[in-house]
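# Coordinate analysis (summary)
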Amino acid sequence: MLATAAATQDTPMSNTAPDTPSINVEELLESTGRSIQVEKEVPLTLDVGSLIGFDMAPVEMSKLGQGKERDAFLMEVTRDNTQLLFNSIFSLPSSLVEKVKCVQLPPPTTKVPREKPIPKPKLPTKWETFAKSKGIHKKKRGRMLYDDVAKEWKPRFGYDKAGGDKEQNWVVEVPGNGDPYKDWLGESEDKKKEKVAKNELQRLHNISKEVKLKSEAINQTVKQANKSTASIGKFQEKSKGEKKAKAKGKHQKFAPVSGDTKSEKEKSLALINKISGSSVSVNKEKAASQEMGATIKRSRDAERRTELPKGGVNGSQGSNYTFDKKKRQVSGPGKDKSSR
């Protein structure tokens, strides 16, 4: 609901003092040279439910100017847009509530983004996880339960529950093999207290489990943020109780470029001894076979690149030349196959 001013021409001022003069809004606007009727080339996009107006009209940069000219132009545009918004509000159906003219705003159409992210689903408890694995479905029980002793319906839990009257449960049936001198009434009360304590302990376990998971997620986020810097969080401000981030994984170490000539000399001597020493064995047969194979491959590649003569005898066209693959020779038309 939006309450508007009751001091308009068509709404009587019944709750004002007799000596207070009534105000006519139209006369006041005419005296200032203003009007409630505003015309714009591009219509204003209004969302009356959210009390928002969007002006999509292009703005001429020459009208903005500087200083007072810019302020006057912006004030003029703001005043016209606000007037259009109020005109749409006053066009809605109105009613008098405690002598005040009120209108019911329509549902908003503008989707406003959330202030905070969508909450994550709540973690299931130990019982919910067990029930899901076993296929146990929760059945809603009725609140009232019939008491056979009192012959009436009573609440299942709480005050005056069914079967909870101590005066009615003053006697307990002892099993056939039970101890007749045992306090069976006290044992039932102790079992009830143990069940309540067990449920309370399980509830605290569920809370601690949820808090632990949340703290682990926060610590993991902090570690990822620290790793994003070049110093791996070394110069980051640490919160109270936060441990120093440990760099995991292997880091490559580079030898100094200058200054450490002793280690460089040792590495060079070790490399020379490794190459010239007897510890390195060379398979001469394998090396020779690899070299022969490379030579044959080079000769075959050279033969493939060699182009055969295109012309025949006395310049006539034809394929009179042949290539013997075994002897790797080119034979002309005058040669006999036996000579090849």
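Nothing here was measured: the structure is a model prediction, and the numbers come from that model. (Residues numbered from 1 in each chain as written. Predicted model: local features only at pLDDT ≥ 70, side-chain atom pairs only at ≥ 80, totals over all residues. Heavy atoms only, no water.)

### Points about the overall build of the chain
This is how the line gets drawn: A run of DSSP states H or I qualifies as a helix once it reaches four residues; a run of E qualifies as a strand once it reaches two. Both are numbered from the N-terminal end. Each residue is placed in one exposure class: buried if its accessible area under a 1.4 Å probe, protein chains only, is under 20% of its type's maximum, exposed if it is over 50%, and partly exposed if it falls in between. In what follows, a contact means two residues having at least one pair of non-hydrogen atoms within 4.5 Å. Residue exposure ignores everything except the shown protein chains as possible cover, and the areas themselves are Shrake-Rupley values with a 1.4 Å probe.
Tallying secondary structure elements over the chain gives 7 helices and 9 strands in all. Each of the 340 residues in the chain was classed as buried or not, and the buried ones make up 10%. Contacts spanning at least 24 positions in sequence make up 36% of the contacts within the chain whose residues lie at least 6 apart. When the accessible area of the chain is evaluated, it comes to approximately 30900 Å², of which 56% is carbon and sulfur surface.

### Overview of a negative patch on the surface
To keep things clear, this is the line we draw: Surface patches are defined over residues having more than 30% relative accessible area and no salt bridge, joining like charges when they lie within 9 Å and nonpolar side chains (Val, Leu, Ile, Met, Phe, Trp, Tyr) when within 5 Å. Criterion for a salt bridge: a side-chain nitrogen of Lys or Arg within 4 Å of a carboxyl oxygen of Asp or Glu. The charge count treats Lys and Arg as positive and Asp and Glu as negative. His and the chain ends do not count. For the purpose of locating charges, the reference atoms are NZ of Lys, CZ of Arg, CG of Asp and CD of Glu.
Taken together, the side chains of Asp183, Glu189, Asp190 and Glu194 present a region of like negative charge at the surface. Looking at the secondary structure, you find Asp190 in helix α5 (residues 184–227). The partly exposed category is assigned to Asp190, whose relative accessible area is 44%.

### Let's talk about the pattern of salt bridges
Using the criterion set out here, one finds 9 salt bridges in the structure. Residue Lys154 is joined to Asp147 by a salt bridge in which the shortest nitrogen-to-oxygen separation is 3.8 Å. Grouping residues by exposure puts Lys154 and Asp147 together as buried. The salt bridge involving Glu187 is made with Lys182; its shortest N-O contact spans 3.3 Å.

### Overview of the packing of aromatic side chains
Which entries qualify depends on this criterion: Paired rings are identified among Phe, Tyr and Trp, the last through its six-membered ring, by centres lying within 6.5 Å, and are further divided according to the angle between planes into stacked (under 30 degrees), edge-to-face (over 60) and tilted (the rest).
One pass over the full model with this rule turns up 2 aromatic pairs. Here the aromatic rings of Trp127 and Phe130 are separated by 5.8 Å at their centres, their planes lie at 40 degrees, and the arrangement is tilted. Residue Trp127 and its partner Phe130 are located together in helix α4 (residues 126–134), separated by 3 residues, close to a single helical turn. By relative accessible area, which is 53% here, Trp127 ends up exposed. Since its relative accessible area comes to 40%, Phe130 is described here as partly exposed. An angle of 65 degrees between the planes, with centres 5.4 Å apart, marks the rings of Tyr146 and Trp153 as edge-to-face. Look at Trp153 and you get exposed, because its relative accessible area is 58%.

### Notes on the pairing of strand β7 (residues 152–155)
Looking along a regular strand, one sees side chains alternate from face to face of the sheet. Put simply, the rule reads: Note: two strands are recorded as paired if DSSP finds a minimum of 2 bridges between them.
Sheet topology note: the strand β6 (residues 144–147)/β7 ladder contains 4 bridges and is antiparallel. Bridging from a neighbouring strand, Leu145 pairs with Lys154 of β7. Once β6 ends, the chain turns through 4 residues before running back antiparallel as β7, passing Lys151 with a positive phi of about 60 degrees.

### A short note on the environment of Thr125
Within the fold, Thr125 resides in the loop between β5 (101–103) and α4. Using a relative accessible area of 25% as the deciding quantity, one classes Thr125 as partly exposed. As a C-alpha pair, Thr125 and Ile207 span 82 residues in sequence and 9.0 Å in three-dimensional space.

### As for the environment of Val174
Summarising the element assignment, Val174 is placed in the loop between β7 and α5. Note: C-alpha distance between Val174 and Trp184 (10 residues apart in sequence) is 7.6 Å. Beyond its immediate stretch of four places on either side in the chain, Val174 contacts Asp179 and Trp184.

### Thoughts on unusual backbone geometry
In this model, Leu51 sits at a positive phi of 55 degrees, which is unusual for a non-glycine residue. Here Leu51 is to be found in the loop between β2 (45–47) and β3 (52–54). One non-glycine residue, Lys99, lies in the positive phi region at around 65 degrees. Topologically, Lys99 is positioned in the loop between β4 (94–96) and β5.

### Regarding the confidence of the model for the chain
Definition in use: A residue's pLDDT is the confidence the predictor assigns to it, expressed on a 0 to 100 scale.
The predicted model of the chain has a mean per-residue pLDDT of 76, with 72% of residues at 70 or higher. Ignoring residues within four places in sequence, the model shows residues 1–20, a span with pLDDT below 50, making 27 contacts including any to other chains. Within the model, the stretch residues 312–318 combines pLDDT values under 50 with 9 contacts to residues more than four positions away or in other chains.

### Some points on the environment of Ser88
Counted only if it meets this: Two N or O atoms form a polar contact when they lie within 3.5 Å of each other; inside protein one atom must be a possible hydrogen donor and the other a possible acceptor, and for residues adjacent in sequence the pair counts only when both atoms belong to side chains.
When you line up the elements, Ser88 lands in helix α3 (residues 68–90). Sequence-wise, Ser88 and Asp47 are 41 residues apart; in three dimensions their C-alpha atoms are separated by 9.6 Å. Every residue in contact with Ser88, bar those within four places of it in the chain, is listed here: Leu46 and Val48. A polar contact of 2.5 Å, which involves the side chain of Ser88, links it to the backbone oxygen of Leu85.

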